[in-house]
Amino acid sequence: NQTAEIERLKKNEEVKRVALSAALTVKETSIFGPYNTLTHAVFKNVLTNVGNAYNGETGFFTAPVKGAYHFEVHILSPVGSGYTAGAALMKNGQRTFTAYESQTSNYQSSSNGVILVLEVGDRVSVSATPNSKIFDNQNNHSTFSGHLLFTM
Ligand SMILES: *[C@@H]1O[C@H](CO)[C@@H](O)[C@H](O)[C@H]1NC(C)=O
C-alpha cells in the first residue's frame, strides 16, 4: 500500500545521509603511539555522526549502503627523535592512502583524503603508521571525517 511505500522511501532517504567527524580524544591531552607496526586508532570524540555509521568505541565506520564515500584524516604530531606524523586510511584492514610528514622541530601535521566505493558492511578506519605519534587535546587537532557522496 501507499503508506508502506512512502515509509520505505523515507528509510531509503535516511540511509543516504551519512556523515561523520571525530577527533582522537575527548578532553585530555594525549599522544597515541609510537608503535612499531601499523596500529588501529580509535577517534573517540565524536562531533558528527549522521546515520550512526561510525562507532566511537571501536573506531570503525561501517558502510550502511553501497556508494562512493569520501574520507579524510588530519594528524598533528609533536616532533621527537625519529617520530613522524603518519596515518593511513584503512578499508577492511588494508591500507588505502597515507598521510605522512617528518620534521626536525616543533609540531608537524599531515593529511590525506580518499574516495572509496564501499559495499554494505565494508569498514573504514585509521591506523597510525610505524613510529607515528598522534597528538590531540580539547582543540580537536587530530581528526577523522567522512561522508557518503552518492549511492550506487
Ligand atoms: C572539540 O570537539 C567537541 C565535540 O566532539 C566539541 O564539543 C568541542 O567544542 C570541540 N572543541 C573545540 C575547541 O572546537
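An unreviewed UniProt entry lists the protein under the name Cerebellin 10, with Kryptolebias marmoratus given as the organism. Recorded under Subcellular location (unreviewed entry), the UniProt text for the protein is reproduced unchanged: "Secreted".

**Some thoughts on the nonpolar core**
Counting 29 residues, the largest nonpolar core has Phe43, Phe61, Tyr69, Phe71, Leu118 and Phe144 as the members making the most contacts within it. When residues in this core are grouped by element, the largest group, four residues, is from strand β7 (residues 67-78). Leaving out residues up to four positions away in the same chain, phenylalanine 43 has contacts with Ala22, Ala23, Leu24, Tyr54, Gly56, Ile75, Val126, Ser142, Thr143 and Phe144.

**Remarks on the site of the ligand**
Taken together, Asn45, Val46, Leu47, Gln138, Asn139 and Asn140 make up the full set of residues near the ligand. Asparagine 45 places a side-chain nitrogen or oxygen 2.4 Å from an oxygen atom of the ligand. Between an oxygen atom of the ligand and a side-chain N or O atom of asparagine 140, the distance comes to 2.4 Å. Within the complex, the protein chains bury 48% of what would otherwise be the 360 Å² of accessible surface of the ligand. Broken down by class, the residue content of the shell around the ligand amounts to two nonpolar, four polar and no charged.

**A word on a nonpolar patch on the surface**
The grouping of Ile115, Val117, Leu149, Phe150 and Met152 at the surface amounts to a nonpolar patch, some 490 Å² of accessible area in total. Where the nonpolar patch is concerned, the elements lending two or more residues are β10 (107-118) and β13 (143-151). Mapped onto the elements, valine 117 comes out in strand β10.

**Re the side chain of serine 142**
Along the chain, serine 142 turns up in the loop between β12 (134-136) and β13. What makes serine 142 buried here is its relative accessible area of 0%. A distance of 2.6 Å separates a polar side-chain atom of serine 142 from the backbone oxygen of phenylalanine 135. If near-sequence neighbours (up to four positions away) are discounted, serine 142 is found in contact with Ala22, Ala23, Leu24, Phe43, His74, Ile75, Leu76, Ile134, Phe135 and Asp136.

**Regarding the pairing of strand β8 (residues 85-91)**
The element β8 is extensively covered by neighbouring structure, given that six of its seven residues are classed as buried. Between β8 and strand β9 (residues 94-101), which pair antiparallel in sequence order, lie two residues; one of them, asparagine 92, sits at a positive phi of approximately 50°. Alignment of β8 against strand β11 (residues 123-128), held across five bridges, turns out to be antiparallel. Among the inter-strand pairings, lysine 91 is bridged to a residue of β11, identified as valine 124.

**Brief notes about the environment of glycine 67**
Structurally, glycine 67 is set in strand β7. Take glycine 67: its relative accessible area is 0%, and that puts it in the buried class. If sequence neighbours within four positions are ignored, glycine 67 has contacts with Leu116, Val117, Leu118, Leu148, Phe150, Thr151 and Met152.

About the cut-offs
- Residues numbered from 1 in each chain as written.
- Predicted model: local features only at pLDDT ≥ 70, side-chain atom pairs only at ≥ 80, totals over all residues.
- Heavy atoms only, no water.
- UniProt positions renumbered as here; feature names shortened; annotations may be inferred.
- Core = buried A, V, L, I, M, F, W, Y, C linked by side-chain atoms within 4.5 Å.
- Buried < 20%, exposed > 50% of the residue type's maximum accessible area, 1.4 Å probe, protein only.
- Helix = DSSP H or I, 4+ residues; strand = E, 2+ residues; numbered from the N terminus.
- Contact = heavy atoms within 4.5 Å.
- Near = heavy atom within 4 Å.
- Polar contact = N/O pair within 3.5 Å; in protein donor to acceptor, adjacent residues only side chain to side chain.
- Areas by Shrake-Rupley, 256 points an atom, 1.4 Å probe, with all protein chains shown as cover.
- Nonpolar A, V, L, I, M, F, W, Y, C, P; charged D, E, K, R; others polar.
- Patch = residues over 30% accessible without salt bridge, like charges linked within 9 Å, V, L, I, M, F, W, Y side chains within 5 Å.
- Salt bridge = Lys/Arg side-chain N within 4 Å of Asp/Glu carboxyl O.
- Pairing = 2+ DSSP bridges.

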